[in-house]
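# Reading the structure
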Amino acid sequence: MADVTGEKIKMELETFDITCDDDAVLDKMLEQCLCHRIKAEDIVNEWFAFSTTKGLLKLTVTSLETFEHEVLNKKQKNKGSSKSSKFNNTRDGSQKRALTTPEQPQSKRAAARLSSPGLLLSPASFSPCPTPSQKYSMRGARGEVVATFGAVQGPRWSGKGQTVVQVDLLEGREDSLTSSYKYMFQRLRDVRDVLTEKIEGLGEELRTHFNIEEFSPASLPVQDTVTVLGQVCCDSNGKLNAQSVLLEASQEHGARQVPVDLSELKDYSLFPGQVVVMEGINTSGSRFVASKLYESSVWSFTLLLSVAALEPVMVMVACGPYTPSDSLAYDPLIDLINIINKDRPDVCILLGPFVDSKHEQIEKGQVTETFETIFSRCVDSIVDGTRGTGCKLVFIPSQRDVHHHYIYPQPPFTLPDLKKDDRVTLAPDPCTLLIGGVTLGLTSTDILFHMGAEEISSATGSDRFSRIMKHMLTQRSYYPLYPPAEEVNMDYERFQQYGLLPLTPDILIVPSEMRYFIKDVIGCACVNPGRLTKGQVGGTYGRFLIQQNPVYEEGRRVSPCIAGQVVKI
């Protein structure tokens, strides 16, 4: 699975004389490979067989959605799951799931220091390996807008470099993760307590919202319809499917795990770790037959702020890697700095990885500087290279940053020389920012990819990305998946403090290996700006115009104050 790419899928299609130059189609097939854990050769074989039965169906995004519903989803269901004779009564035995990314195989972190003596990086290339990527330099469609949201109230996309624009952590520095902390010390009972509190907290809000009198234990044999509360989990360490769903009750209701029969539910979208309220019966005490699934709702909020009227504020967002996969030349970063100087955004948010632990040359230690030095040179180049614009800079780390703490939530970078620079904000992952009266939620961890590989749904033709974003908003968490992907080292006590959504943000930014998008999901502008590079070629970045102060009614934003775009580098 580690070597599945759009190019490989395209080559397999050509084996059947199927020519495909539509990036959206290739991205959709790549997404299906990742989510259903199949190889490029296998998905093309399955598609060709499906297409033949339909009279050589044309390869489009719509026909691929039908193919996924009629073939891939059914194959997943038919696989079933290995049933265990006993179900664990606690969460402590849960194991993580190993995932890889489309571009790079999962790898161990390289040593923190390098063996060869340091060399100065040249001004033209922030890299100890100056060989540029030919594929990146030959890329086309530079500056092409590939996704849009809202309408721009003005002639063009540009900022004014307003130094008066305020960038703050929403909850203030005293209540935010601002420094490193000791990890690898959490106890299983502490993890259990955090998860129990999550179930009971969301359950109480759902009970109040739907006027439910009380919850019943899911494992109690009853002949009447009852309403139960619990957390979705899988009966094995494989991928969740319709036959392997368990509902785990809170400590108050016995913490028992009960198999769930979904056959009577017409529409559902479930993932491991999801807190749900279900209605149904359990006549024997051994299986709960669900007949209704209560939809969670986003919470309302009112920002008690006094924000002066502003000129339109432009925010640019880019996510690493900042080098192509076949070179350590930081040409994409240089191009981004040039774009910042040309468009003069008021705020530029840069998410890691800056020194990518999954890059082959980093992995093998084929560099001549320490990772910390390479990172410092990147940051200095960005700060100095954009100083004339007046642009505020926000740096957010990634767990793929080889030189930084490998834990989630992740503390901000430590850059003592920039602490006194008013232009620079060092933020943790995840974080919620307040810019010009508008709230932005951000995480550099690829929650779209992780949840996309685990979520199951019965809704025909529904948008997977919208479902995942809705889950994040309604579960009120930057990372609602449990257990987490193997590459995510979660500290649950800190996560309870710093990893939950404090409110429904105006903009939710979740960079991912998956296809870029920008769309409205239950009142929130959700965006995957993509990564600045994808393999050996250029990727995308995002930009927003906050065109006026937001207006709220009953805690919900009602003014059309935000426009957004995803643009090719």
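These lines cover the structure that appears in this document, whether it is placed above or below. Not measured: the values here are computed from a predicted model.

A count of helices and strands for the chain gives 12 helices and 24 strands. When contacts within the chain are restricted to residue pairs at least 6 apart in sequence, those whose partners lie at least 24 apart make up 76%. Here the chain displays about 24,000 Å² of accessible surface, and carbon together with sulfur accounts for 49% of that area.

Let's shift gears to unusual backbone geometry. Along the chain, G320 connects to P321 via a cis peptide bond; the corresponding omega equals 10°. Cis rather than trans, the peptide bond between Y482 and P483 has omega equal to -5°. With respect to the helices, strands and loops of the structure, P483 is situated in the loop between α11 (464-475) and α12 (492-498). One non-glycine residue, D17, lies in the positive phi region at around 60°. Position of D17 among the secondary structure elements: in the loop between α1 (6-15) and α2 (23-36). Positive phi, close to 55°, is recorded for R37, a residue that is not glycine. Topologically, R37 is positioned in the loop between α2 and α3 (40-53).

Our focus in this paragraph is the sheet that holds strand β21 (residues 540-546). Pairing is mixed in the open sheet, where seven strands are placed in the order β1-β24-β21-β9-β10-β11-β12. The outermost strands of the open sheet, each flanked by one partner alone, are β1 (145-149) and β12 (424-426). Here the strands of the sheet are splayed against their neighbours by 15° on average, with no regard to which way each runs. As paired elements, β21 and strand β24 (residues 562-568) share seven bridges and run antiparallel to each other. In the strand pairing of β24, Y541 is matched with V567.

For the rest of this paragraph, the subject is the packing of aromatic side chains. If you walk through the whole model with that rule in mind, you get 16 aromatic pairs. Aromatic side chains Y322 and F354 sit 5.0 Å apart centroid to centroid with 15° between the ring planes, which places their arrangement in the stacked category. Taken as a pair, Y322 in the loop between β9 (313-319) and α7 (331-343) and F354 in the loop between β10 (347-351) and α8 (360-363) lie far apart in primary sequence, 32 residues in all. For F354, a relative accessible area of 2% translates into the label buried. Centre to centre, the rings of Y408 and F495 are 6.2 Å apart; their planes meet at 35°, and the pair counts as tilted.

Taken together, five strands build a closed barrel; the order of strands is β3-β4-β5-β8-β7 and the barrel is mixed. Between one strand and the next, the sheet's axes are offset by a mean angle of 55°, whatever the strand orientation. In terms of strand pairing, strand β3 (residues 222-234) meets strand β7 (residues 275-282) through seven bridges, oriented antiparallel. By the bridge assignment for β7, V222 is matched with N282. Of the strands in this sheet, β3, β4 (245-248) and β7 are in contact with helix α6 (residues 188-209), which crosses β3 at around 135°.

With that settled, the discussion passes to the pairing of strand β8 (residues 288-294). Relative to β8, strand β5 (residues 257-261) is paired through two bridges, and the arrangement is parallel. The residue bridging V260 from the neighbouring strand is F288, located in β8. Across five bridges, the pairing between β7 and β8 is antiparallel. Its bridge partner lying in β8, V277 is registered against Y294. Between β7 and β8, which pair antiparallel in sequence order, lie five residues; one of them, G285, sits at a positive phi of approximately 90°.

Further remarks concern the pattern of salt bridges. Applying the stated criterion across every chain yields a total of 26 salt bridges. Between R139 and D335 there is a salt bridge, with the nearest N and O atoms lying 3.1 Å from each other. Placement of the pair is R139 in the loop between α5 (134-137) and β1 and D335 in helix α7, with a sequence separation of 196 residues. Of the residues examined, R139 reaches a relative accessible area of 13% and is grouped as buried. One connected set of salt bridges, linked through shared partners, spans D356, R400, D446, E513 and R531.

Here α6 spans 32 Å end to end across 22 residues, near enough to the 32 Å set by a 1.5 Å rise per residue. All buried positions along α6 are accounted for by D190, V191, V194, L195, T196, I199, L202, G203 and L206. Contacts made by the buried residues of α6 are with β3, β4, β7, α11 and α12. Phi turns positive one or two residues past the end of α6, at N211, with a value near 55°.

Counting 54 residues, the largest nonpolar core has I9, L13, L59, M469, Y479 and L508 as its most contacted members. Top contributing element to this core by residue count: α2, with seven residues. Counting 41 residues, the second-largest nonpolar core is a separate cluster that includes L328, I339, C391 and L415.

Next up on the list: the packing of α1 against α3. Interhelical geometry of α1 versus α3 gives an angle of 45° and a closest axis separation of 9 Å. As the angle between them shows, α1 and α3 are arranged oblique. Note that α1 runs across α3; the crossing there is right-handed. Here K8, I9, E12 and L13 of α1 come into contact with α3, specifically with A40, E41, V44 and W47.

In this structure the tally under the stated criterion is four cavities of 30 Å³ or more. The computed volume of the second largest cavity comes to approximately 80 Å³. For the second largest cavity, the full set of lining residues is D27, L30, E31, L34, F465, E513, M514, R515 and K534. The element that contributes the greatest number of residues to the lining of the second largest cavity is α2, accounting for four residues. Here the lining of the second largest cavity is built from residues that sort into four nonpolar, no polar and five charged.

Here is what the cut-offs are and how they apply
- Residues numbered from 1 in each chain as written.
- Predicted model: local features only at pLDDT ≥ 70, side-chain atom pairs only at ≥ 80, totals over all residues.
- Heavy atoms only, no water.
- Helix = DSSP H or I, 4+ residues; strand = E, 2+ residues; numbered from the N terminus.
- Contact = heavy atoms within 4.5 Å.
- Areas by Shrake-Rupley, 256 points an atom, 1.4 Å probe, with all protein chains shown as cover.
- Pairing = 2+ DSSP bridges.
- Axes fitted to C-alpha atoms, helices over the stretch in contact; angles between N-to-C directions.
- Phe/Tyr/Trp six-rings, centres within 6.5 Å; stacked < 30°, edge-to-face > 60°.
- Buried < 20%, exposed > 50% of the residue type's maximum accessible area, 1.4 Å probe, protein only.
- Salt bridge = Lys/Arg side-chain N within 4 Å of Asp/Glu carboxyl O.
- Expected span 1.5 Å × (residues − 1).
- Core = buried A, V, L, I, M, F, W, Y, C linked by side-chain atoms within 4.5 Å.
- Parallel < 35°, antiparallel > 145°, perpendicular 65-115°, else oblique.
- Left-handed = near helix turned anticlockwise from the far one by under 90°.
- 1 Å grid on protein atoms, 1.4 Å probe; cavity = no way out; pocket = protein on both sides within 12 Å on 5 of 7 lines; lining within 4 Å.
- Points joined across faces, edges and corners; volume = space filled by probe spheres on them.
- Nonpolar A, V, L, I, M, F, W, Y, C, P; charged D, E, K, R; others polar.

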